[in-house]
Amino acid sequence: MTVDVDKSGAGRDLKKEKNEKKEGKEDGEREEPQPPSPAAPAAEGARGKAPDDFDAILTNLGTGKFNILCYIAIAYWNTVLPYHTLAGAFLSPSVPYTCRAPPDALTPTLSLPTSAANRNSTVYATDEGTAELYDNSCSYLKENHVTGKVEEVACTEWDFDNSTFASTITSEFSLVCNYKYLRAAHQSIYMGGMLVGALFNGFLADRFGRWTMIAISTVSYTILALGSAWLPSMALLLPARFLLGSMHPTSLMTGYILVMEMTEMRRRSMMGMVTLNFWSVGTTFWGLWAYLERDWRFLQTYVSLFCPLFLPALLFLKESPRWLVVTGRHQKALSVLQLAAKYNGTKLPPTEDLLILMKKVQEQSTCSREEAAARASTPLTKRVMKQVTILFSTRKLALITVTMCITYLVVAMVFFGLTLGASSLGVNPFVYMIISGLVETPSVVTVFLVEYFGRKKTGVGTFSLCAVALLSQPLIPKSLMWLSITLVSIGKFFSSCAFGVLFLYSSELYPTEIRTQGMSAGMMSSRVGGFIAPFIISALETNHPWGISVVFGLASAVAAVSFWPLWETKDALLPDTVAQLEALDVHSKPGKEDAAKQGKTNGGEKITPC
């Protein structure tokens, strides 16, 4: 909702309030109730959130040069992150290899045609006249001079096919056979770092500020990205990847929060979605850069040079004025707002009125600070247990939590698995990565789909279509490679759409008082899905590459079915408390009349009142 704020608006109300106090109102004298501000209904019930008067200030500032500079900076950083998040596709891919046997190795006395499932195996005849199978890519035959028998010896050196990649982590550190799991670990450990970083991101950004955490995370990310390209061993590379991953959510989500807190209400959703959608731009360019440079060390170095190009943006990025006001830094918040007004060519209410408003905002945030202090004094284990148990404290909450954990895990597993598994799926990895980024871009249509069909139907539909596309891919003959790539790309597109649906749906299903805990549980599940995806690919790519699409397709089908017990939240009044959630009639079709009725009848005491 657009709110015009000028001297006849919010500033006049604040002057009126101040003059009434000067006219000598007696303590205990009852004041006439003031009408709510026009923007008030949009934020009623949100605990710990700045009041709508501040949104009116942002609306008065509008969207101009000040905001656009912030959008460009954060959007640019979002194009850099895919280069390292999806690094496994080109830095540690699956590379064909053969065992480099020593000169005294024996040639098998019997070589028979092998099945597709055992294409790296050879049958050899033993002294007893029987045939045994051995993997000629991971071992070789050698005669034991003591016993005179032929023995199978594990391979220690390999020859790699460098026709696609000149040098990879896989070939340089020989991540095959018994060390194959380290190739999957190279990708998964980044996801593990993201999981740990996500746990502390909210606390750190609230404690030290948005700008501070963006500066720390982007500078650290730049140093780790450039430095890890030249580490000499996996023992050093894996910890560096973990630390790099831990900086990912801090820079990504804190940047997103900064954009949202500096944007007027009517443009907030759109600008947040646009800045995040630049991820697909980075994915597209990642395929292009990898095609141009095939040596992993130089490739990582070149793409990491895009990181320091962001750092000058820290000089003109400013701290979130909302955070400054809530934490009592009113003069600094005032300077940020005045600078924004200068850049945007707009005018603010008088300084004295702004300071009165800031004090009011800070007083209304006291509840949140008291809650935070109370939580800080509670032992960590007790806090964790309380957050976990409250998500299962009622039947409806348990249903929401289980469903969201399943769907978040599946969507991340499929999304990252399809992005990283191009070589395992038998498609050109460079072309596929470029197409993968391009097909993500139209996923913004999800915004319109959820408004027309609703959240539940859109969620079921996107997961179902993803499942159909992926389960059909193994049926395509190798001669129709273009069709195989198309089906995988369609699956990737719908998994990207499903991600957007889940963010919106989960935020509307959970009541306000535990919305953060609920969505955090879902995001942690998504990191687990991203963590296990490389291991699924690693386990199936050698003997059963078709199984990758089947596993991801079946998982998508399970996610689609898991939506059915839930209810539609489109046009429904969102619950603020668990008691209100339990009072909801989830079987009735939501509508405006039902929402109005629900707003009058819903009630209940909050579980964690301030």
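Since this is a predicted model, take the numbers as computed values, not measurements. (Residues numbered from 1 in each chain as written. Predicted model: local features only at pLDDT ≥ 70, side-chain atom pairs only at ≥ 80, totals over all residues. Heavy atoms only, no water.)

Before we go on, may I ask you to explain the pairing of strand β5 (residues 150-154) in this structure?
Where a strand is regular, its side chains alternate between the two sheet faces. By the bridge criterion, five bridges tie strand β4 (residues 139-143) to β5 in an arrangement that is antiparallel. Counterpart to Lys-142 in the pairing with β5 is Glu-151. Hairpin connection, β4 to β5: the antiparallel pair is bridged by six residues, and Gly-148 has positive phi, about 80°. (Pairing = 2+ DSSP bridges. Helix = DSSP H or I, 4+ residues; strand = E, 2+ residues; numbered from the N terminus.)

For this particular structure, what's the right way to read empty space enclosed by the protein?
A water-sized probe, rolled over the atoms, reveals where empty space remains. Under the criterion given, the structure shown has two cavities of 30 Å³ or more. Taken as a whole, the second largest cavity spans an internal volume of roughly 80 Å³. Lining the second largest cavity are Leu-58, Leu-61, Gly-62, Phe-66, Asn-67, Met-262, Pro-321, Val-336, Leu-337, Ala-340 and Asn-344. Residue assignment for the lining of the second largest cavity shows that the elements contributing at least two residues are α2 (52-61), α3 (65-80) and α13 (330-344). (1 Å grid on protein atoms, 1.4 Å probe; cavity = no way out; pocket = protein on both sides within 12 Å on 5 of 7 lines; lining within 4 Å. Points joined across faces, edges and corners; volume = space filled by probe spheres on them.)

What's the story with a nonpolar patch on the surface in this structure? I'm lost.
On the surface, Met-270, Val-274, Phe-278, Val-281, Phe-285, Leu-288, Tyr-291 and Leu-292 cluster together into a nonpolar patch covering about 690 Å² of accessible area. Structurally, Val-281 is set in helix α10 (residues 265-292). (Patch = residues over 30% accessible without salt bridge, like charges linked within 9 Å, V, L, I, M, F, W, Y side chains within 5 Å. Areas by Shrake-Rupley, 256 points an atom, 1.4 Å probe, with all protein chains shown as cover. Salt bridge = Lys/Arg side-chain N within 4 Å of Asp/Glu carboxyl O.)

In this structure, what is going on with the pattern of salt bridges? I would like to understand it.
For side chains of opposite charge, pairing can occur when their charged atoms come near one another. One pass over the full model with this rule turns up five salt bridges. When the shortest N-O distance is used, the salt bridge between Arg-210 and Glu-261 registers 2.8 Å. Of this pair, Arg-210 sits in helix α8 (residues 210-227) while Glu-261 sits in helix α9 (residues 234-261), placing them 51 residues apart in sequence. The burial state of Arg-210 is the same as that of Glu-261; both residues are buried. (Buried < 20%, exposed > 50% of the residue type's maximum accessible area, 1.4 Å probe, protein only.)

Can you walk me through the state of the cysteines in this structure?
The bond known as a disulfide is covalent and runs between the sulfur atoms of two cysteines. Inspection of every chain in the model, using the stated rule, returns two disulfides. There is a disulfide in this structure between Cys-99 and Cys-155, and the S-S distance comes to 2.2 Å. Taking the sign of the S-S torsion, about 100° here, the bridge from Cys-99 to Cys-155 comes out right-handed. Linking Cys-99 in strand β1 (residues 97-99) with Cys-155 in the loop between β5 and β6 (158-160), this pair joins segments that are 56 residues apart in sequence. Across the pair, exposure class does not vary: Cys-99 and Cys-155 are buried alike. Across the disulfide from Cys-138 sits Cys-177; the S-S distance is 1.9 Å. Taking the sign of the S-S torsion, -95° for the link of Cys-138 and Cys-177, the bridge is left-handed. Here Cys-138 is found in the loop between β3 (131-135) and β4, whereas its partner Cys-177 is found in the loop between α6 (169-172) and α7 (181-208), with 39 residues between them in sequence. (Disulfide = S-S within 2.5 Å.)

Could you clarify how one ought to interpret the nonpolar core in this entry?
Side chains that are nonpolar tend, in soluble globular proteins, to be buried together. In this structure, Phe-90, Met-404, Phe-463 and Phe-552 are the most contacted members of the largest nonpolar core, which totals 118 residues. Here the element with the most residues in this core is helix α17 (residues 395-420); it accounts for 13 residues. Judged by nonpolar contacts, the second largest core, of nine residues, contains Val-95, Cys-138, Phe-160 and Val-176. (Core = buried A, V, L, I, M, F, W, Y, C linked by side-chain atoms within 4.5 Å.)

Help me understand helix α21 (residues 481-509), please; the structure alone is not making it clear to me.
An α-helix turns once per 3.6 residues; consequently, residues spaced three or four apart project the same way. Taking 1.5 Å of rise per residue, 29 residues should cover 42 Å, and α21 covers 41 Å from first to last C-alpha, within 8% of that figure. Where burial is concerned, most of α21 is hidden: 21 out of the 29 residues are buried. (Expected span 1.5 Å × (residues − 1).)

What's the story with unusual backbone geometry in this structure? I'm lost.
For residues that are not glycine, phi is negative in most cases, and the peptide bond is trans in most cases. Even without a glycine there, the phi angle at Ser-174 is positive, about 50°. Tracing the backbone through its elements, the reader meets Ser-174 in the loop between α6 and α7.

I tried to follow the packing of α17 against helix α23 (residues 546-562) on my own but got confused; where do I start?
A pair of packed helices is characterised by two quantities: the angle between their axes and the separation of those axes. Put simply, α17 and α23 touch, their axes get as near as 9 Å, and they point 150° apart. If you check the angle between α17 and α23, you find them roughly antiparallel. Our pair here, α17 against α23, has a crossing hand that is left-handed. Counted together, Thr-403, Ile-406, Thr-407, Val-410, Met-413, Val-414, Gly-417 and Leu-418 of α17 and Phe-552, Ala-555, Ser-556, Ala-559 and Ser-562 of α23 form the full contact between these two elements. (Axes fitted to C-alpha atoms, helices over the stretch in contact; angles between N-to-C directions. Parallel < 35°, antiparallel > 145°, perpendicular 65-115°, else oblique. Left-handed = near helix turned anticlockwise from the far one by under 90°. Contact = heavy atoms within 4.5 Å.)

Explain the packing of α8 against α9 to me, please; I cannot follow it from the model alone.
Packing of α8 against α9 leaves a shortest axis separation of 8 Å and a crossing angle of 145°. When you trace α8 past α9, the crossing you get is left-handed. On α9, the residues touching Arg-210, Met-213, Ile-214, Ser-217, Thr-218, Ser-220, Tyr-221, Leu-224 and Ala-225 of α8 are Leu-243, Leu-244, Met-247, His-248, Thr-250, Ser-251, Thr-254, Gly-255, Ile-257, Leu-258 and Glu-261. Here the residues of the contact of α8 with α9 are counted per class, giving ten nonpolar, eight polar and two charged. (Nonpolar A, V, L, I, M, F, W, Y, C, P; charged D, E, K, R; others polar.)

Any chance you could explain the environment of Ser-436 here in plain terms?
Counting through the fold element by element, Ser-436 comes out in helix α18 (residues 429-440). For the pair Ser-436 and Thr-283, spaced 153 residues apart in sequence, the C-alpha to C-alpha distance is 7.2 Å. Those residues in contact with Ser-436 that sit more than four places away from it in its chain are Thr-283, Thr-419 and Lys-492.

Whenever I open this one, the packing of aromatic side chains confuses me. Can you help?
Remark: the centre distance and the inter-plane angle together describe each pair of aromatic rings, the angle taken between the planes. For the coordinates displayed, the defined rule picks out 21 aromatic pairs. Ring centres of Trp-77 and Tyr-221 lie 5.5 Å apart, and the angle between their planes is 75°; this geometry places the pair in the edge-to-face category. With a gap of 144 residues between them, Trp-77 in helix α3 and Tyr-221 in helix α8 connect regions that are remote in the sequence. Seen from their ring centres, Phe-285 and Trp-289 are 5.5 Å apart, and the 20° between their planes marks the pair as stacked. Of this pair, Phe-285 and Trp-289 are both found in helix α10, four residues apart, which corresponds to roughly one turn of the helix. Classification of Phe-285 as partly exposed rests on a relative accessible area of 38%. Clustering of aromatic rings is evident, with ring pairs tying together Tyr-83, Phe-90, Phe-165, Phe-285, Trp-286, Trp-289, Tyr-291, Phe-306 and Phe-430. When the ring centre of Phe-208 is taken as reference, the NZ or CZ atom of Arg-207 above it lies at 5.0 Å. A cation over an aromatic ring shows up here: Lys-492 above the ring of Phe-415, its NZ or CZ 4.7 Å from the ring centre. (Phe/Tyr/Trp six-rings, centres within 6.5 Å; stacked < 30°, edge-to-face > 60°. Lys NZ or Arg CZ within 6 Å of the ring centre and 35° of its normal.)

Just to check I follow, could you spell out the environment of Phe-298 for this structure?
Within the secondary structure, Phe-298 sits in helix α11 (residues 296-304). Once the C-alpha coordinates of Phe-298 and Trp-230 are considered, the two residues, 68 residues apart in sequence, prove to be 9.0 Å apart. The contact partners of Phe-298, leaving out residues within four places of it in the chain, are Trp-230 and Glu-293.

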